[in-house]
Amino acid sequence: MSGDTLIASKEGLDNIKQARESKGWTVEDDRWLKEASKILNPAWQKEQNDQEVEYEKGISGGTWRRFLYRTNPINAKAFKAYCKVLALDWRKVVYNENAHNQVIIQENIEQVLRERANISKEKLFGIEKYLTQLQGYLQDAEGSWLISIVGVGGVGKTSIAEKLVREYAVNAGFYKIAWVTAKTTCFQIASSSQISYGSRLNVDSLIYDIAEQLEVNLPSTIKDHFFTLKSVLNTDRYLIVIDNLETLEDHASVLKKFNPYSQVDNLRPSKIIFTSRTKIQKLTTEVRELEINGISLLATLELIRYKGSHIKRIREASDSDLNPIFNVSNGIPLTVLLLINLIALDDSPLHEIFQALYQQKELYDFLYAEFLSSISENAWLVLRAMTALDSNTPLERHLLQETAGLDDQEFKSAIRECLEYSLLQSINSLTGEPRYLIHNLLYEFIRNFEI
Ligand SMILES: Nc1ncnc2c1ncn2[C@@H]1O[C@H](COP(=O)(O)OP(=O)(O)OP(=O)(O)O)[C@@H](O)[C@H]1O
Ligand SMILES: [Mg+2]
């Protein structure tokens, strides 16, 4: 909207037409102009030698017709005065470029999410605290430009990222988004199996894909692609999501390009969100990392009741009957959903259903096989020490080290490795001795498939 001029919106024009008709004056009737003049200047009087009427400044047959037919913007004072004569609230009929643009940006974002995010718009439980935190990161225009959402498979990273972008990107001032996913498998709950699609991306094709979505023209030489993309990202507020970064063939090199360790190479005012099962090892002030842990007991119970409402056994169960599902799943939604599916298909008691879950090799492969086959021998010793115990309980650091049989240095780097892949969780404070915990499902899987 330039300066002090306004124009009606298309919908506003309908209201104007209706209001004019119900007033009953013709378009040419000079009462429109007289009334508008009086509104702008209550002292205005038509004197009147009657031949040449002098209306208040801005009021004229010309502005009146432009107002009525929406041919051009007119001065704001006259626009408001004409609205008042018509008994219309000018705010409701005016074309608001800002609001209009925001609607268009939101529509574009939703289209990208529909086409790219590969996510069913399911109701999500227990994610408010994560969303609030992430929303803060997104809105902080001067702050970190790299947001990393990490956590074990199926914990809801992609779902949260999608909701975040859908609901808060426009408000945070982003003008266009790109969503790329490196992942080529997903786990289908109904069939308890992995399905594969597409082919894995490498960094070059990822950058090409992002540029295409953001409508950035790239030069012909591949080595200049990133530089060109980056210079565009520095000019306006773009938001990029790289979903499941860890499955990208050469994912370490993404961090070399989108480099959070460089003082000069930032992407501001744009931002980039990674979702990943792997943590970024060295955090800097340019990076905000949020670990998503399972949802709370309360949220898990809500999810079970919502998704299991068609199952009589679940409908009739008390909260304490359902508690073991939370314990076994650690509140990880994918596991909860799989258990609901098993309960629907199999009328065995819950503890037998759990055993059936622990036997699911496909799930094990989907969630853990890749990490477990790539970790070091020492990290394995730590995990075996955790799973050698007959029950899965938090273990003090010194006990774990003793059982794993590693020296201080070896133990430290093995622990770091396990934490990086969320294979272990650390329960620690700044002063006390840390304790370590392993998810129940992983505990059972390692005992079933690896020992
Ligand atoms: N908070 C939640 N409430 C209900 N369902 C959820 C929630 N979070 C995730 N889900 C469901 O759990 C499944 C896994 O979620 P999602 O794909 O977002 O996990 P992820 O962490 O991205 O997993 P991966 O590491 O495999 O990419 C999906 O079916 C999703 O709809
Ligand atoms: Mg995901």
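No experiment lies behind these values; they were computed from the predicted model shown.

Reading the values: rules and limits
- Residues numbered from 1 in each chain as written.
- Chains lettered and ligands numbered in written order.
- Predicted model: local features only at pLDDT ≥ 70, side-chain atom pairs only at ≥ 80, totals over all residues.
- Helix = DSSP H or I, 4+ residues; strand = E, 2+ residues; numbered from the N terminus.
- Rg over C-alpha atoms; globule rule 2.2 N^0.38 Å.
- Buried ≥ 20, exposed ≤ 12 C-beta atoms within 10 Å, placed from the backbone.
- Contact = placed C-beta atoms within 7 Å.
- Near = placed C-beta within 6 Å.
- Nonpolar A, V, L, I, M, F, W, Y, C, P; charged D, E, K, R; others polar.
- Domains from an automatic or database assignment.
- Pairing = 2+ DSSP bridges.
- Axes fitted to C-alpha atoms, helices over the stretch in contact; angles between N-to-C directions.
- Core = buried A, V, L, I, M, F, W, Y, C linked by C-beta atoms within 7 Å.
- pLDDT = per-residue confidence, 0-100.
- Parallel < 35°, antiparallel > 145°, perpendicular 65-115°, else oblique.
- Expected span 1.5 Å × (residues − 1).
- Right-handed = clockwise from strand over helix to strand, strands pointing away.

**Some words on the overall build of the chain**
Check the secondary structure of the chain and you find 21 helices and 12 strands. Compactness check: the chain gives a C-alpha radius of gyration of 31 Å against a globular reference of 22 Å for 451 residues, more than 25% above the reference. Going through the 451 residues of the chain one by one, you find that 34% of them count as buried. Within the chain, residue pairs in contact and separated by at least 24 positions form 73% of the contacts whose partners lie at least 6 positions apart.

**Re the site of ligand 1**
Around ligand 1 sit 21 residues in total, of which Gly156, Lys157, Thr158, Ser159 and Pro333 are the nearest. Among the secondary structure elements, those contributing two or more residues to the shell around ligand 1 are α8 (157–168) and α15 (333–345). In terms of residue class, the shell around ligand 1 is built from 9 nonpolar, 9 polar and 3 charged. A domain split of the shell around ligand 1 shows at least three residues from each of domain 2 (100–291) and domain 3 (301–360).

**A few points about the sheet that holds strand β3 (residues 146–150)**
Pairing is parallel in the open sheet, where 5 strands are placed in the order β4-β7-β8-β3-β9. Only two strands of the sheet have a single partner each, and these edge strands are β4 (176–181) and β9 (287–291). Averaged over all adjacent pairs, the angle separating strand axes in this sheet is 15°, with direction ignored. Bridge count for β3 against strand β8 (residues 271–276) is 5 bridges, and the pairing is parallel. When the sheet's bridge partners are listed, Leu146 is paired in β8 with Ile272.

**Regarding unusual backbone geometry**
A negative phi angle characterises most non-glycine residues, just as the trans form characterises most peptide bonds. Arg268 connects to Pro269 through a cis peptide bond whose omega is 5°. Take Pro269: it is sitting in the loop between α11 (251–257) and β8. In this model, Glu215 sits at a positive phi of 55°, which is unusual for a non-glycine residue. Positionally, Glu215 belongs in the loop between α9 (203–213) and α10 (225–233). Phi is positive for Asn330, which is not a glycine, with a value near 55°.

**A look at the nonpolar core**
Among the nonpolar cores identified, the biggest contains 94 residues, and Val165, Ile177, Val382 and Cys418 are the most heavily contacted of them. A per-element tally of this core places helix α17 (residues 361–374) first, with 7 residues. Residues in contact with Val165, not counting those within four places in the same chain, are Ile109, Leu113, Ile177, Leu239 and Val241. Judged by nonpolar contacts, the second largest core, of 20 residues, contains Ile59, Phe67, Cys83 and Val93.

**Describing the domain arrangement of the chain**
Partitioning the chain into domains gives domain 1 (5–95), domain 2 (100–291), domain 3 (301–360) and domain 4 (375–450). The C-alpha centroid of domain 4 is placed 27 Å from the C-alpha centroid of domain 3. Domain 3 puts 6 residues into the contact, and the matching count from domain 4 is 6 residues. Looking at the side of domain 3 that touches domain 4 residue by residue, the class counts come to 2 nonpolar, 4 polar and no charged.

**Brief notes about the confidence of the model for the chain**
Detail in the predicted coordinates should be disregarded across regions flagged by low pLDDT. Residue-level pLDDT values for the chain average 90, and 97% of them are 70 or greater. Confidence scores differ between elements of the chain, with α11 showing the lowest mean pLDDT of 79 and helix α12 (residues 297–307) the highest of 98.

**Section: the packing of helix α18 (residues 377–388) against helix α19 (residues 397–404)**
With their axes 8 Å apart at the nearest point, α18 and α19 run at an angle of 110° to one another. Comparing their axes, α19 and α18 come out roughly perpendicular. Touching Leu381, Val382, Ala385, Met386 and Ala388 of α18 are Leu400, Thr403 and Ala404, all from α19. The class makeup of the residues in the contact of α18 with α19 is 7 nonpolar, 1 polar and no charged.

**Looking at α15**
Between the first and last C-alpha of α15 there are 19 Å, a value that for 13 residues agrees with the 18 Å anticipated at 1.5 Å per step. All of the buried residues along α15 are Pro333, Leu334, Thr335, Val336, Leu337, Leu338, Leu339 and Ile340. Looking at the packing, one finds that the buried side of α15 touches β5 (185–188), α12, α14 (319–329), α16 (350–358), α17 and α21 (440–450).

**Thoughts on the sheet that holds strand β10 (residues 395–396)**
Spatially, β10-β12-β11 is the arrangement adopted by the 3 strands of the open sheet, whose pairing is antiparallel. Of all strands in the sheet, those bounded by a partner on one side alone are β10 and β11 (425–427).

**Considering the pairing of strand β7 (residues 238–243)**
It is a general feature of regular strands that their side chains alternate between the two faces of the sheet. With 6 of 6 residues buried, β7 is to be regarded as a mostly interior element. Judged from the 6 bridges that link them, β4 and β7 form a sheet pairing that is parallel. Bridging from a neighbouring strand, Ala178 pairs with Ile240 of β7. Each parallel crossover has a hand, and the one from β7 via α11 to β8 is right-handed.

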